[in-house]
Amino acid sequence: MAEREAITVDVVSDVVCPWCFIGQKRLDTAIGEVPDVTVEVRWRPFQLDPTIPAEGKDRKRYMLEKFGSEERIRQIHARVEAVGEAEGINFAFDAIKVAPNTLDAHRVIRWAGAADTDTQNRLVRRLFKLNFEEGRNIGDHAVLIEAAREAGMDAAVVETLLPTDADVDNVRNEIATAQRMGITGVPCFLLEGRYAVMGAQDSATLADAIRQVATAKAKGELDEPG
């Protein structure tokens, strides 16, 4: 590419999805492997379980209901921990006491994106760490306000908006749109709003996809039938 190309990557994700945290780390690595492409990352909402009440559920009980046995849960955690360690993530599943409803977290992520993508990316990273490495309840408004402040947002505005219904319908509609597009699991990486990479693919796969889409965009080929 003669000139530096720029593309967007929309990451459909839930902040309680461990593979989305892994996917975030791998995407960062992939972007670093494609220095000739400017990549704007935007985070889009998805809820793995929208039926969790606003106050959340006891996580241990919730996981037992979902997976049936402590042995099965240990196996799942062990696999994720091993993959996470390779990506620099210190998963602390035993520290997570509450399985939160993530609707409010997605509202704050949406507001961060209205500020700028850097703020949004800082917030998403902080929420992943709070939940998975520090065992904090990211359904708790106080935790969300703290995370917003750390990401550089106006915490007073977030504190004012969270108790209201601001953007509740917008977030739910965006999730419904993703589901209509056929997204049933996360993470999903949408490049230039057209090309989907499903799952927490390795960084080389993501870098290759970014490179291919950027090259096609530079040649004006994106709208041609594939």
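What counts, and where the lines are drawn
All residue numbers refer to positions counted from 1 along the written sequence of the respective chain. For a predicted model such as this one, the threshold for reporting local features is a pLDDT of at least 70, and the threshold for listing and counting side-chain atom pairs is 80 or more; totals across whole chains, interfaces and linings nevertheless cover every residue. Heavy atoms throughout the structure, all of them, feed into the side-chain values; hydrogens and water do not. In this description a helix means any DSSP run of H or I spanning at least four residues, a strand means any run of E spanning at least two, and both kinds are numbered starting from the N terminus. Each radius of gyration reported is based on C-alpha atoms, and the globular scaling rule is 2.2 Å times the count of residues to the power 0.38. A simple rule labels every residue: compare its accessible area, found with a 1.4 Å probe on the protein chains alone, to the largest value its type can have, and call it buried under 20%, exposed over 50%, or partly exposed in between. Note on definitions: a residue-residue contact is assigned when non-hydrogen atoms from the two residues lie within 4.5 Å. We get accessible surface area from the Shrake-Rupley algorithm with a probe of 1.4 Å; when it comes to residues, only the shown protein chains can shield them. For the purpose of counting charges, residues Lys and Arg are taken to be positive, whereas Asp and Glu are taken to be negative. His and the chain ends are not included. Throughout, a charge is located at the NZ atom of Lys, the CZ atom of Arg, the CG atom of Asp or the CD atom of Glu. What we call a nonpolar core is a set of buried Ala, Val, Leu, Ile, Met, Phe, Trp, Tyr and Cys residues that are connected through their side-chain atoms within 4.5 Å. Expected span, for any helix, means 1.5 Å times one less than how many residues it has. Contacts described as polar in this section are N or O atom pairs within 3.5 Å, which, within protein, must combine one atom able to donate a hydrogen with one able to accept it, while residues neighboring in sequence count only if both atoms come from side chains. What counts as an axis is a line fitted to C-alpha atoms, over the stretch in contact for a helix, and the angles between N-to-C directions run from 0 to 180 degrees. To sort the angles, those under 35 degrees are grouped as roughly parallel, those over 145 as roughly antiparallel, those from 65 to 115 as roughly perpendicular, and the leftovers as oblique. As a working rule, the residues Ala, Val, Leu, Ile, Met, Phe, Trp, Tyr, Cys and Pro are called nonpolar, Asp, Glu, Lys and Arg charged, and the rest polar, with Gly in that last group. The term salt bridge refers to a pairing of a side-chain nitrogen on Lys or Arg with a carboxyl oxygen on Asp or Glu at a separation within 4 Å.

(A) Seen up close, the overall build of the protein chain. Within the protein chain, the regular secondary structure consists of nine helices and six strands. Against the globule reference of 17 Å for 226 residues, the protein chain gives a C-alpha radius of gyration of 18 Å, in line with a compact fold. Structurally, the protein chain occupies a C-alpha span of about 55 × 40 × 30 Å along its principal axes. Burial status across the protein chain gives 46% buried among its 226 residues. Partitioning the contacts of the protein chain with sequence separation of at least 6, the portion at a separation of at least 24 is 76%. Entry remark: accessible area of the protein chain is about 11200 Å², with carbon and sulfur atoms responsible for 48%. Computing the positive centroid from 28 side-chain charges and the negative centroid from 38, the protein chain places the two 3 Å apart.

(B) Seen up close, the nonpolar core. Grouped together as the largest cluster of nonpolar side chains are 62 residues, with contacts concentrated most on Ile 7, Val 108, Leu 123, Leu 127, Leu 191 and Ile 210. Beyond its immediate sequence surroundings of up to four residues, Ile 7 is in contact with Val 37, Thr 38, Val 39, Glu 40, Leu 191, Glu 192, Ile 210, Val 213, Ala 214 and Lys 217. Ile 52, Tyr 62, Met 63 and Ala 99 belong to the second largest nonpolar core, which has five residues in total.

(C) How the structure looks around helix H5 (residues 117-132). Given a rise of 1.5 Å per residue, 16 residues ought to cover 22 Å, and the 22 Å separating the end C-alpha atoms of H5 matches this to within 8%. Among the structural elements, strand E1 (5-13), helix H1 (18-32), strand E2 (37-45), helix H4 (103-115) and helix H6 (141-150) are those in contact with the buried residues of H5. Where H5 begins, the side chain of Asp 116 points an oxygen toward the backbone nitrogen of Asp 118, at a separation of 3.1 Å.

(D) Broad picture of the packing of helix H2 (residues 59-67) against helix H3 (residues 70-86). Interaxial distance between H2 and H3 falls to 9 Å at its minimum, and their mutual angle equals 100°. By the angle between their axes, H2 is roughly perpendicular relative to H3. Contacts between H2 and H3 involve Arg 59, Lys 60, Met 63, Leu 64 and Phe 67 from the former and Glu 70, Arg 72, Ile 73, Ile 76 and His 77 from the latter. Here the contact of H2 with H3 is built from residues that sort into five nonpolar, one polar and four charged.

(E) How the structure looks around the pattern of salt bridges. Taken as a whole and assessed by the stated rule, the structure comprises 16 salt bridges. A salt bridge links Arg 42 to Asp 10, with the nearest nitrogen and oxygen atoms 2.9 Å apart. Residue Arg 42 is found in strand E2, and its partner Asp 10 is found in strand E1; the two are separated by 32 residues along the sequence. In this structure Asp 10 comes out as buried when scored by relative accessible area, which is 6%. Its salt-bridge partner being Glu 134, residue Arg 126 comes within 2.8 Å of it at the nearest N-O pair. Residue classification places Glu 134 among the partly exposed residues on the basis of a relative accessible area of 37%. A network of salt bridges, in which partner residues are shared, links Asp 10, Arg 42, Arg 44, Arg 110, Asp 167 and Glu 174.

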